[in-house]
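Observations on chain architecture
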Amino acid sequence: MTQSILATEPQLRLVVFLGVLASMALCELIAPRRRIEIPRIIRWSNNLALVVIDTIILRLTFPILAVGFAVIAQDNGWGLFDIVALPSWVAILLSVIILDLVIYLQHVMFHAVPAL
């Protein structure tokens, strides 16, 4: 299983990213949470350009670092879900939710802390 996840990791990340992006874009179109000060096309294109640049830099400098570390952690029994026995699907769902919340916290901090 680990080898199949490693082999399809880039495609899996892309599919999840595009799914979340489409969901968020649809939510913003239907019910924007703030007044639009910068035109949507400029904001979206700037944000997508940042994603592309970040992805290229990450792929060139740290290929499969996160997935590789996850495999090492799993092999050594590190992590919350090695301590707490849960069905695999629950552990995966909770992992995705927790990681998404951490990324959202990072996003909020980038907006709140001028140095970031």
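Not measured: the values here are computed from a predicted model.

1. Some thoughts on the overall build of the protein
- Regarding its fold elements, the protein presents 5 helices and 0 strands.
- Ordering the α and β elements of the protein from the N terminus gives α-α-α-α-α.
- Within the protein, contacts between residues separated by at least 24 positions form 44% of all contacts whose residues are at least 6 apart in sequence.
- Of the accessible surface of the protein, which amounts to about 9900 Å², a share of 74% is contributed by carbon and sulfur atoms.
- One finds the centroid of the 7 positive side-chain charges in the protein at a distance of 14 Å from the centroid of its 7 negative side-chain charges.

2. Focus: the pattern of salt bridges
- Counted by the stated rule, this structure contains 2 salt bridges.
- Residue R40 is joined to E28 by a salt bridge in which the shortest nitrogen-to-oxygen separation is 3.4 Å. You can see R40 sitting in helix 2 (residues 40-61) and its partner E28 sitting in helix 1 (residues 2-30), a full 12 residues away along the chain.
- Note that E28 and R43 form a salt bridge whose closest N and O atoms lie 2.7 Å from each other. Pair noted here: E28 is in helix 1 and R43 is in helix 2, with a separation of 15 residues, a long-range link.
- Among the residues examined, R43 registers a relative accessible area of 14% and is labelled buried.
- One salt-bridge network, in which partners are shared between bridges, spans E28, R40 and R43.

3. Some points on the packing of aromatic side chains
- Counted according to the given criterion, the structure contains 1 aromatic pair.
- With a centroid separation of 6.1 Å and an interplanar angle of 40°, the aromatic rings of F69 and W78 are classed as tilted.
- Look at W78 and you get partly exposed, because its relative accessible area is 46%.

4. Focus on a nonpolar patch on the surface
- A cluster of nonpolar residues, L80, I83, V84, L86, L94, I98 and V102, forms a patch on the protein surface that exposes about 610 Å² of accessible area.
- Elements that contribute at least two residues to the nonpolar patch include exactly helix 4 (80-83) and helix 5 (88-112).
- No other element matches the 3 residues that helix 5 contributes to the nonpolar patch.
- You can see L94 is positioned in helix 5.

5. Quick word on the confidence of the model for the protein
- Residues of the protein with pLDDT of at least 70 account for 93%, and the chain-wide mean is 83.
- Here helix 3 (residues 65-76) is the element of the protein with the lowest mean pLDDT, 80, and helix 5 is the one with the highest, 88.

What counts, and at which threshold
- Every residue gets a number counted from 1 within its own chain, in the order that chain's sequence is written.
- This being a predicted model, a pLDDT of at least 70 is required before a residue's local features are given, and a value of 80 or more before pairs of side-chain atoms are given or counted; all residues contribute to the totals for chains, interfaces and linings.
- Side-chain descriptors were evaluated using all non-hydrogen atoms of the structure, hydrogens and water having been removed beforehand.
- Numbering of helices and strands runs from the N terminus, with a helix taken as a DSSP run of H or I at least four residues long and a strand as a DSSP run of E at least two residues long.
- Residue contacts are counted whenever heavy atoms from the two residues lie within 4.5 Å of one another.
- Residue burial considers only the protein chains on display, and all accessible areas are found by Shrake-Rupley using a 1.4 Å probe.
- The charge count includes Lys and Arg as positive and Asp and Glu as negative, but it does not include His or the ends of the chains.
- Taken as the charge centre is NZ of Lys, CZ of Arg, CG of Asp or CD of Glu, depending on the residue.
- Between Lys or Arg on one side and Asp or Glu on the other, a salt bridge is scored when a side-chain nitrogen of the former is within 4 Å of a carboxyl oxygen of the latter.
- Only protein chains enter the accessibility calculation, which uses a 1.4 Å probe; a residue whose area is less than 20% of its type maximum is buried, one above 50% is exposed, and one in between is partly exposed.
- For Phe, Tyr and Trp, rings pair up if their centres lie within 6.5 Å, where Trp contributes its six-membered ring, and each pair is then called stacked (planes under 30 degrees apart), edge-to-face (over 60) or tilted (otherwise).
- Patches in this entry comprise residues that are over 30% relatively accessible and not in a salt bridge; like charges within 9 Å are linked, as are nonpolar side chains (Val, Leu, Ile, Met, Phe, Trp, Tyr) within 5 Å.
- What pLDDT reports is the predictor's confidence in each residue, on a scale of 0 through 100.

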